[in-house]
Every structure is written in C-alpha cells, then in structure tokens.
Number of protein chains: 2
Amino acid sequence: MAEKAAGTARPDLAAMVVPLGRALMAAEQPILDAHGLTMWAYAVLLRLDETPIRTQAALAEAIGADKTRIIAVLDDLAARRLISREPDPMDRRVRLLALTAEGRLLRDTVQAAIQDGEERLLTVLPAADRSGFLRALRALSTLPDLTLG
Amino acid sequence: MAEKAAGTARPDLAAMVVPLGRALMAAEQPILDAHGLTMWAYAVLLRLDETPIRTQAALAEAIGADKTRIIAVLDDLAARRLISREPDPMDRRVRLLALTAEGRLLRDTVQAAIQDGEERLLTVLPAADRSGFLRALRALSTLPDLTLG
DNA sequence: TATTGTTATACTCTATAACTATA
DNA sequence: TATAGTTATAGAGTATAACAATA
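First, a word on what this report is: a plain description of the structure on this page. This is a predicted model, so every value here is computed, not measured.

Moving on, we get to the nonpolar core. Counting 90 residues, the largest nonpolar core has Phe133(A) and Phe133(B) as the members making the most contacts within it. Other than its neighbours up to four places away in sequence, Phe133(B) contacts Gly132(A), Phe133(A), Ala136(A), Leu137(A), Leu140(A), Leu20(B), Leu122(B) and Leu125(B).

Okay, here's the thing in structure tokens:
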C-alpha cells in the first residue's frame, strides 16, 4: 500500500478497452473484405436480422451512425440484393428495410467466421476469466449511460 | 442447438468492446476537461510517467498516435510546464521528454478521479465476473497481434 | 546520406445544412 | 407545416509529403 503512488494497480479501463476494440476491428477486417462488406454494411446486416426496423433514421441510430452516413451503404446492399428497400405503402416517405435470403445467408456466414476466430482467440484465457469477461462485457455494453463522475 | 441459426448466442466481441470503449472515453471526457487535458495529452502524461522515453516518434508510437499528431500536444504541455522537452546534448536532433513535478501531480490527480469513477462503475458486476473481466482485459489488451483467421 | 522534429498538404470520416418528396 | 430520405457542403481528425536542422 505504501508504494501506491509509484505506479497504478491497473491501467485505466479506456486505455485497455479502446485499443482492444481497435485490434478486434482490424482483425475482423480481412473477413469482411473477403465478403465485400464494410464494417457499417455488416452492422446493418446484423441489425436487420434482429427485428424489422421501420425507418432508415432509426436504423442509423441503432447502429450508432448518422442517418446520412448509411445511405451509400444501403445503396450498395440493395444493389447486391442483400437487403430489400421499398417505400411503405402506408407512408411513401419511409423505406421499409429487410434482409433478403441471400443477405441472411451472408450475414450468417460472415458472423460464423468471425465468432469462430473469436472463440479461438478466447482460448488464451482461463475458463473462469473467460466466462466472467463475456458476462461483464455484455453487462457493461448494455448499460444505458455509464458516467464516472 | 436447433435454434442456433435463428439468433446468435452472443454479439461479436467488437460489437461490444468498441461501443464500450467509446462510452468509457466519453465518460472520462468531463474529468479531463476539468483539468484542461485532451485525451492525447493525458495519454502522454501516463506514458511519460512509466519509463523515460527518448524520442517523440517513440512516444507517439507507444500511445498509438502519429508522430505529427502529438506535436501540438507537446507544445501545450511544455508551455504549461507539465513536461520538460530539451534537446539531447548527445544528439541535438532529439528532444528529451520528461514529466515535471506538476505534470506528475496532475497525472496522479486525474487518474485517481478516473479510477475512482471506474471502481464505482465496476460495482455493478458480480465480484467473480469483475475480477475475471479485469484479468481477461489485461491479457487481451497486451497480446501482440490478435488475428481471427 | 540518414534521421529527428516540424510544417504544409491531402485525405478520410463524420456531421451540418440545404433540397425533394410525401404527408 | 412537418417528416423521411437524399444530396451538397463543411468540419474534425488523421496521415502523407515536403522541409529544416543535425548527425
């Protein structure tokens, strides 16, 4: 306890989590590239596979992007028939978005490849740490606010 | 096991880690702001407090920044006497960097505030998950490469 | 000639503002 | 007039290239 001032017990959380996130994204990149998907395109496929979403703005919000940010992404996905994107007959201003069969297949293929790699990566951890890590990660990443003050 | 295709057991790691990192950085921001530090300036103070570093390029590399990126940061820190930055008498091309007493004090103050907040945040986790999380995080964030292929 | 640090430039990503079409 | 989507523009952040000083 006397030497507490000399060095810290652990690095700040952000100092560990942010670089880890960057490394994980970089590690996913080759897999996404192999299937012609950007990170945003993959995020769209993942999100659309959960629950149907009504507006593009809501989709953008859900994946943490700007509504203008995803338009080119949707253009590309629709052109490749990975998603459908049709005006809502009830309100022709909104575009209804949904995965096509090919879109769901691609999503499953890519995610399986990514999670296979992740499982292999996680084997470096002791079993107990590993399950605690995953549980903690899910808990923390679903917290609504997260303030330190 | 039959319903594996319908939804995945867990989100991709990057899908949890990256947003968590962003949230943690955002949560640190008010504390950094209160002390007039940017994230990069804080990263510099943290790094310089560990082991003396010889060149600016090496410092930039160590904190994951471009060498041109940190020049304005060093200008500001030096002007505020939080770091010293003098030409090496042995090789006048290089600038020797070191924390001043005030720099170390500020570093300690800010990190204490941040880690206090983090400890409070971590209390939402069961004790077992929490220690596993921290151990796993340290292990993964110090891995040299991290590939999924 | 090679290297450190600096400045100037260009590029990428993202957000803001202006526009079209529907309501 | 208000809203969904789109396009055009501007801004932040980052990296690349050119430059000055020193070796």
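Right, picking up where we left off after that structure.
In the vicinity of DNA strand C lie 17 residues, with Arg69(A), Arg92(A), Arg93(A), Gln56(B) and Thr68(B) positioned nearest. Between DNA strand C and Arg92(A) there is a distance of 3.1 Å, counted from a phosphate oxygen to a backbone nitrogen or oxygen. Put simply, the parts of the chain that give the surface near DNA strand C at least two residues each are β2 (91-99) of chain A together with α3 (56-62) of chain B. Sorting elements by how many residues they give to the surface near DNA strand C places β2(A) first, with three residues. Here the surface near DNA strand C is composed, by residue class, of four nonpolar, four polar and nine charged.

Turning to the relation of the copies chain A and chain B, a few remarks are in order. Laying chain A over chain B is done by rotating through 180° and shifting 0.0 Å along the axis; what remains is an RMSD of 0.1 Å. These values place the two chain copies in the arrangement generated by a two-fold rotation axis. By C-alpha distance to the rotation axis, the residue of chain A lying nearest is Phe133(A), at 2.0 Å. Interface residue correspondence from chain A to chain B reaches 98%, placing this contact among same-surface, isologous pairings.

As a structural note, the neighbourhood of DNA strand D is formed by 17 residues, with Gln56(A), Arg85(A), Arg93(A), Arg69(B) and Arg92(B) the closest of them. If you look at DNA strand D and keep only atoms within 4 Å of the protein, 67% of those are sugar or phosphate atoms. Contact distances for DNA strand D include 2.9 Å between a phosphate oxygen and a side-chain N or O atom of Arg85(A). In this structure, Arg93(A) approaches DNA strand D through a side-chain N or O atom, which is 3.0 Å from a base oxygen. Within the residue set of the surface near DNA strand D, elements represented by two or more residues are α3 (56-62) and β2 of chain A.

In this structure the tally under the stated criterion is one aromatic pair over all chains. Aromatic pair Phe133(A) and Phe133(B): ring centres 5.9 Å apart, planes at 15°, arrangement stacked. Here the residue Phe133(A) occupies a position in helix α6 (residues 127-141), and Phe133(B) occupies one in helix α6 (residues 127-141), the pair thus bridging two chains. Under the relative-accessibility criterion, Phe133(A) is labelled buried at 1%.

The next point concerns the side chain of Arg107(B). With respect to the helices, strands and loops of the structure, Arg107(B) is situated in helix α5 (residues 101-122). Side chain to side chain, Arg107(B) and Asp108(B) meet in a polar contact 3.1 Å long.

The rules behind each value
- Residues numbered from 1 in each chain as written.
- Chains lettered and ligands numbered in written order.
- Predicted model: local features only at pLDDT ≥ 70, side-chain atom pairs only at ≥ 80, totals over all residues.
- Heavy atoms only, no water.
- Core = buried A, V, L, I, M, F, W, Y, C linked by side-chain atoms within 4.5 Å.
- Buried < 20%, exposed > 50% of the residue type's maximum accessible area, 1.4 Å probe, protein only.
- Contact = heavy atoms within 4.5 Å.
- Near = heavy atom within 4 Å.
- Polar contact = N/O pair within 3.5 Å; in protein donor to acceptor, adjacent residues only side chain to side chain.
- Helix = DSSP H or I, 4+ residues; strand = E, 2+ residues; numbered from the N terminus.
- Nonpolar A, V, L, I, M, F, W, Y, C, P; charged D, E, K, R; others polar.
- Least-squares fit on C-alpha atoms with pLDDT ≥ 70 in both.
- Phe/Tyr/Trp six-rings, centres within 6.5 Å; stacked < 30°, edge-to-face > 60°.

By themselves, these are just geometric observations and shouldn't be taken as functional.
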